[in-house]
Amino acid sequence: QVQLVESGGGLVQAGGSLRLSCAASGSTFSRYVMGWFRQAPGKEREFVAVISWNGGRTDYVDSVKGRFTISRDNAKNTVYLQMNSLKPEDTATYYCAGGLVYGTSPDGMDRWGKGTLVTVSS
């Protein structure tokens, strides 16, 4: 089974950048579709970005297109989320997730990390 651990969250000013990492244990990481989701206080968890098993396909929620980039290194069992031009509305706990079916729904993910908090100050 794949276990996921996020890192890289923190406090940043609006306009700044952060790179989140998600390290996976287990030998089947390269088979997994990987995604990032986020949940702001008082709001439902929402899709942010997803990447196919080989990195050949990616999708993003409209609000982060052109600012965030998802990537993966299967040799390192790690998926990344590079976040640029951060806005206060990006403040949330960011979760890494993995599944076997490509999609943007959290229901398609069956492995979840515990999350890392990103706070963007104005």
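Residues numbered from 1 in each chain as written. Predicted model: local features only at pLDDT ≥ 70, side-chain atom pairs only at ≥ 80, totals over all residues. Heavy atoms only, no water.

**Details of the sheet that holds strand β1 (residues 3–7)**
Stage number 1. Strand order in the open sheet made by the 4 strands is β1-β3-β8-β7, with antiparallel pairing throughout. This sheet does not close on itself; its edge strands, each paired only once, are β1 and β7 (68–73). Each strand of the sheet is rotated relative to its neighbour by a mean of 15°, with strand direction disregarded.
Stage number 2. Taken together, the 6 bridges between strand β3 (residues 18–25) and strand β8 (residues 78–83) define a ladder with antiparallel strand orientation. In the sheet register, Ala23 faces β8, and the bridge partner there is Thr78. (Pairing = 2+ DSSP bridges. Helix = DSSP H or I, 4+ residues; strand = E, 2+ residues; numbered from the N terminus. Axes fitted to C-alpha atoms, helices over the stretch in contact; angles between N-to-C directions.)

**Here's the deal with the side chain of Asp90**
Stage number 1. With respect to the secondary-structure elements, Asp90 resides in the loop between β8 and β9 (92–99).
Stage number 2. Only 3.0 Å separates the side chain of Asp90 from the side chain of Arg38, close enough to count as a polar contact.
Stage number 3. Within the structure, Asp90 has its side chain in polar contact with the side chain of Arg67 (distance 2.8 Å).
Stage number 4. With sequence-adjacent residues up to four places away left out, Asp90 is seen in contact with Arg38, Arg67, Phe68, Ser85, Val118 and Val120. (Polar contact = N/O pair within 3.5 Å; in protein donor to acceptor, adjacent residues only side chain to side chain. Contact = heavy atoms within 4.5 Å.)

**Details of the nonpolar core**
As a rule of thumb, nonpolar side chains are buried together in soluble globular proteins.
Stage number 1. With 35 residues, the main nonpolar core has Met34, Trp36, Val79, Leu81, Met83 and Tyr94 as its most contacted residues.
Stage number 2. Mapped by element, the contributors of at least two residues to this core are β3, β4 (33–39), β5 (46–51), β7, β8, β9 and β11 (116–121).
Stage number 3. Here this core gets 5 residues from one element, more than from any other, and that element is β5. (Core = buried A, V, L, I, M, F, W, Y, C linked by side-chain atoms within 4.5 Å. Buried < 20%, exposed > 50% of the residue type's maximum accessible area, 1.4 Å probe, protein only.)

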